[in-house]
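Per-entry structural report
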Amino acid sequence: MTEDEITRTVALCRPDGSLNPEAVGWTRAPLHDTSGIGRGLRGRGRDKRWEYWALVTPTHVVGVTTSALDYAALHEVYVLDRATGGELDEVVIVPLNRSASLPASLGTGPVRSRTRRVAVAVDESRDGTATRLRARTPRVGLDVLVDRPAGHEVLGVVVPWSKRRFQYTVKDVGRPVRGMLRVDGVEHPVGGGAGAGAWAVLDHGRGRWPYAVRWQWGVGFRDGVGLQLGGTWTLQGPTTENGVFVDGRLHKLHGELDWTFDETDHMAPWQVIGNRVDLTFTPWHDRVARTNLGVLASATDQCFGRWSGSVVTDGGGRLLVDGLEGWVEDVRQRW
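Residues numbered from 1 in each chain as written. Predicted model: local features only at pLDDT ≥ 70, side-chain atom pairs only at ≥ 80, totals over all residues. Heavy atoms only, no water.

With that settled, the discussion passes to the layout of surface pockets. Computed from the structure, the largest pocket encloses a volume of approximately 1100 Å³. Residue classes in the lining of the largest pocket are distributed as 21 nonpolar, 11 polar and nine charged. A volume near 200 Å³ is recorded for the second largest pocket. Together, 16 residues line the second largest pocket, and Pro30, Leu106, Arg148, Val154 and Asp172 are the ones closest to its centre. Per-element accounting of the lining of the second largest pocket gives the leading share, three residues, to strand S14 (residues 166–183). Classifying every residue of the lining of the second largest pocket gives seven nonpolar, three polar and six charged. (1 Å grid on protein atoms, 1.4 Å probe; cavity = no way out; pocket = protein on both sides within 12 Å on 5 of 7 lines; lining within 4 Å. Points joined across faces, edges and corners; volume = space filled by probe spheres on them. Nonpolar A, V, L, I, M, F, W, Y, C, P; charged D, E, K, R; others polar. Helix = DSSP H or I, 4+ residues; strand = E, 2+ residues; numbered from the N terminus.)

Taken as a whole and judged by the stated rule, the model has 18 aromatic pairs. Note on Trp50 and Trp335: the rings are 6.2 Å apart at their centroids and 35 degrees apart in plane angle, and the pair reads as tilted. Separated by 285 residues along the polypeptide, Trp50 in strand S4 (residues 47–56) and Trp335 in the segment after strand S26 (324–334) bring together distant segments of the chain. This pair shows no difference in class: Trp50 is buried, exactly as Trp335 is. (Phe/Tyr/Trp six-rings, centres within 6.5 Å; stacked < 30°, edge-to-face > 60°. Buried < 20%, exposed > 50% of the residue type's maximum accessible area, 1.4 Å probe, protein only.)

Looking now at the pairing of S4. Of all 10 residues making up S4, nine are buried, and the element is well covered by its neighbours. In this structure, S4 lies alongside strand S16 (residues 199–208), joined through 10 bridges in antiparallel fashion. Residue pairing across strands places Trp53 opposite Leu202, the latter belonging to S16. With eight bridges connecting them, S4 and strand S5 (residues 60–68) associate as antiparallel partners. Bridging from a neighbouring strand, Trp53 pairs with Val64 of S5. Hairpin geometry of S4 and S5 is characterised by an intervening segment of three residues between the two adjacent antiparallel strands. (Pairing = 2+ DSSP bridges.)

Our next topic: empty space enclosed by the protein. Over the atoms a probe the size of a water molecule is rolled, and this reveals where empty space is left. Tallied over the full model, the rule gives two cavities of 30 Å³ or more. Size it by volume and the largest cavity reaches roughly 90 Å³. Lining the largest cavity we find Glu51, Trp53, Pro103, Leu106, Gly107, Gly109, Val111, Val122, Asp123, Glu124 and Leu202. Elements represented by at least two residues in the lining of the largest cavity include exactly S4 and strand S10 (119–124). A per-element tally of the lining of the largest cavity places S10 first, with three residues. Grouping the constituent residues of the lining of the largest cavity by class yields six nonpolar, two polar and three charged. Considered as a void within the structure, the second largest cavity measures approximately 50 Å³ in volume. Along its surface, the second largest cavity is lined by Val56, Val61, Arg82, Trp199, Trp284, Phe304, Gly305, Glu325 and Gly326.

Set out below in structure tokens:
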């Protein structure tokens, strides 16, 4: 299986809001115009837009979310203390989408969460070399710059379920980050000096989703090597979201991966195997989130840990990935 690479700008949607067939494929840069999401098609509740940033530092893991789910906006700031295992998780759900501002396409405008308990601001630098990420809750403050090195590539993918249900995602893995995290009044440097070794991931999403869906997602990074792996939600489609990054260059991994894990014990080792991929993930922390409001429900296990094993690059070389830090997650959604 070889997936189609798109190398020029393309509209995600047709004028009536349905999927543009020419948009299906993968890219090394954000080339999709997603401004058609929310136009043309009937049926509220299917449009999903979000920006999710994750930061991994020697002392903490941080997640920042701004999302508009058509009928509601969800804003979240999550912090894990790696030494103690303590978690802070501030979540605000607001009816409709007036509290969330998201650009029509990636990088074309600011991102904002505007609530009393969670505030988020994401802005691109004028020269395109960095992203400023700020977040605030009653107990957490974050102000960092996420650098974009020259030649840095991403993995953009359009996954079609039908003409009316489809998703565009951009996974941007392993960007250097520097700044400050404040937790309960205590400042923790991020990147540079004592905070060296910090990196960030962006999960950008725009699409029209089915009501019930399940996915797995895996990320890892260390010393210029990054992993981006997905599962289940892309089954039986023409595209996957799998790749390995080496010094900022994407090596696209084609075909589905076989994810094996214990659904009753997510802390047990995970196996991810497929064409050019033979990996094991060993967790050290499981972030568990459960919501059940009847019609709306979510079950998430996001496990932080380390990768081991190997991946074969485009040139045929076997790349050892032992010790890459990151996470895997298993998510079920009714939304």
